[in-house]
Amino acid sequence: MQNVIAPHLNNINTIIKWTIDREDIDNVLRIECLETLTEIDVIKLIHLKGFEANLLLE
């Protein structure tokens, strides 16, 4: 997933930093961004690339 989604996440200028925790069973994607990018925006992008994504609540 990381190789496929990386170019797309890197091209979003509101994203400051992102990581995928590949040691976690859920491969958690963490994004630090400006307030203009919503969780729904990111989930839609990931779905468009053929991957499953859901919001994790703390």
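Residues numbered from 1 in each chain as written. Predicted model: local features only at pLDDT ≥ 70, side-chain atom pairs only at ≥ 80, totals over all residues. Heavy atoms only, no water.

Peer 1: Please clarify how the pattern of salt bridges should be interpreted in this entry.
Peer 2: Side chains that differ in charge, positive against negative, can pair when their charged atoms come close. Summed over all chains, the structure comprises one salt bridge. A salt bridge links D21 to R30, with the shortest nitrogen-to-oxygen separation between them at 3.8 Å. With a relative accessible area of 44%, R30 lands in the partly exposed category. (Salt bridge = Lys/Arg side-chain N within 4 Å of Asp/Glu carboxyl O. Buried < 20%, exposed > 50% of the residue type's maximum accessible area, 1.4 Å probe, protein only.)

Peer 1: Sorry if this is basic, but what is going on with the nonpolar core here?
Peer 2: Note on soluble globular proteins: their nonpolar side chains tend to be buried together. Membership of the largest hydrophobic core is limited to 12 residues, which are I5, A6, L9, I15, W18, I20, L37, V42, I43, L45, I46 and A53. Secondary structure elements with two or more residues in this core: α1 (2-10), β1 (15-21) and α2 (39-48). The element that contributes the greatest number of residues to this core is α2, accounting for four residues. With residues up to four places along the chain from it excluded, the contact list for L45 reads I5, H8, L9 and I12. (Core = buried A, V, L, I, M, F, W, Y, C linked by side-chain atoms within 4.5 Å. Helix = DSSP H or I, 4+ residues; strand = E, 2+ residues; numbered from the N terminus. Contact = heavy atoms within 4.5 Å.)

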